[in-house]
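A look at the structure
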Amino acid sequence: MLTTLAYFGGWAAVAQRYRCRGTPVGKSFHWQCARFGWVDYNGCVSIRVCADGLRLATFPLFRPGHPPLFIPWSALRVVSVNDKWWGRYTVVDVGAPTIAQVRLPLKVMDEARRLTPS
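Every residue gets a number counted from 1 within its own chain, in the order that chain's sequence is written. Only residues with pLDDT of 70 or above have their local features reported here, since the model is predicted, and side-chain atom pairs are shown and tallied only from 80 upward, although totals for entire chains, interfaces and linings are computed over all residues. The side-chain figures draw on all heavy atoms in the structure; neither hydrogens nor water molecules are used.

**Some remarks on the packing of aromatic side chains**
Paired rings are identified among Phe, Tyr and Trp, the last through its six-membered ring, by centres lying within 6.5 Å, and are further divided according to the angle between planes into stacked (under 30 degrees), edge-to-face (over 60) and tilted (the rest). Scanning all chains against the criterion turns up six aromatic pairs. Aromatic pair Trp11 and Tyr41: ring centres 5.4 Å apart, planes at 55 degrees, arrangement tilted. Linking Trp11 in helix α2 (residues 11-18) with Tyr41 in strand β2 (residues 39-49), this pair joins segments that are 30 residues apart in sequence. Pair check on accessibility: Trp11 and Tyr41 agree, each one buried. Between Phe59 and Phe62 the ring centres are 6.4 Å apart and the planes differ by 55 degrees, which places this aromatic pair in the tilted class. The exposure class of Phe59 is partly exposed, given its relative accessible area of 37%. Exposure is judged per residue with a 1.4 Å probe applied to protein chains only, and the accessible area is read against the type maximum: over 50% gives exposed, under 20% gives buried, and values in between give partly exposed. Taking the relative accessible area as the measure of exposure, Phe62 reaches 33% and is therefore partly exposed. Put simply, the rings of Trp11, Phe36 and Tyr41 touch in pairs and so form one group of aromatic residues. Directly above the aromatic system of Tyr89 lies the positively charged group of Arg103, at a separation of 4.6 Å from the ring centroid. Strands are runs of DSSP state E lasting at least two residues, helices are runs of H or I lasting at least four, and both sets are numbered from the N terminus onward. Geometrically, a charge over a ring is one whose NZ (Lys) or CZ (Arg) sits within 6 Å of the ring centre while staying within 35 degrees of the ring normal.

**Some words on the confidence of the model for the protein**
The quantity called pLDDT is the predictor's confidence in a given residue, expressed from 0 to 100. For the protein, per-residue confidence averages 92 on the pLDDT scale, and 98% of positions sit at 70 or higher. Within the protein, helix α1 (residues 2-9) has the poorest average pLDDT of any element, 87, and strand β4 (residues 69-72) the best, 97.

**Focus: the pattern of salt bridges**
Close approach of charged atoms allows side chains of opposite charge to pair. We define a salt bridge as a side-chain nitrogen of Lys or Arg found within 4 Å of a carboxyl oxygen belonging to Asp or Glu. In total, this model carries six salt bridges according to the counting rule given. Where Asp40 meets Arg103, a salt bridge forms, and the shortest distance between an N and an O atom there is 3.7 Å. One end of the pair, Asp40, is in strand β2; the other, Arg103, is in strand β7 (residues 100-105), and 63 residues separate them in sequence.

**Some remarks on α2**
Restricting attention to buried positions, one finds in α2 the residues Trp11, Val14, Ala15 and Tyr18. Down the axis of α2, the buried set is contained in an arc of 105 degrees. They therefore lie on one face. In this context, the arc is that of the directions from the helix axis out to the C-beta atoms.

**Overview of the side chain of Glu111**
Locating Glu111 in the fold gives a position in helix α3 (residues 106-115). Throughout this description, a polar contact denotes any pair of N or O atoms lying within 3.5 Å of each other; where both atoms belong to protein, one of them has to be capable of donating a hydrogen while the other can accept it, and for residues adjacent in sequence the pair is counted only when both atoms sit in side chains. Polar contacts involving the side chain of Glu111 include one to the side chain of Arg114, which spans 2.6 Å. Residues are treated as being in contact if the distance between any of their heavy atoms lies within 4.5 Å. Once residues lying within four places of it in the same chain are set aside, the contact partners of Glu111 are Lys27, Phe29 and Val49.

**Regarding the sheet that holds strand β1 (residues 27-36)**
Adjacent strands of a sheet form backbone hydrogen bonds with each other and so pair up, either parallel or antiparallel. By definition, two strands form a pair when at least two bridges between them are found by DSSP. The strand order across the open sheet built from seven strands is β4-β3-β2-β1-β7-β6-β5, with neighbouring strands paired in antiparallel fashion. Edge positions in the sheet fall to β4 and β5 (76-84), since each has one partner strand and no second. Across this sheet, the average inter-strand angle for adjacent strands is 30 degrees, counted without regard to direction. Here six bridges tie strand β6 (residues 87-94) to β7, and the two strands are oriented antiparallel to one another. If you follow Thr90 over to β7, its bridge partner there is Leu104. Only C-alpha atoms enter the line fits that serve as axes; for helices the fit covers just the stretch in contact. Angles between N-to-C directions range over 0 to 180 degrees.

**Quick word on unusual backbone geometry**
Residue Pro97 is reached from Ala96 by a cis peptide bond, and omega for that bond is 0 degrees. Checked against the element boundaries, Pro97 lands in the loop between β6 and β7. Of note, the phi angle at Trp31 is positive, near 55 degrees, even though the residue is not glycine. Relative to the helices and strands, Trp31 resides in strand β1.

And the structure:
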């Protein structure tokens with residue numbers, strides 16, 4: 001079941017190109033929510049903001065079909081920012097052409113801006 005969700009949501013497609021090897025240095029956000037395509041990962045994702053990109057990993061119990069990812073900043077394109085009372089998140093396209101669309105907490109992208117001013 002988890003492998004099927006990874007396939008249909010886009011995590012598996014992103015992993016084919018941006019699979020993470022190791023653990024880069026950066027600020028971590030644990031127990032976060034993210035969305036790949038139509039698949040929600042509610043509170044089971046750790047996100048690490050690094051100088052070179054983002055590392056995303058699911059809680060080990062949900063790891064089947066979901067290897068850790070490391071997506072460089074150059075592969076991310078902001079599509080929209082939602083800063084409303086019902087949710088604070090950013091939608092980004094991964095890859096060019098787009099491999100998957102991912103929704104991330106706005107605080108993660110705020111940290112990215114702070115860490116990598118450009």
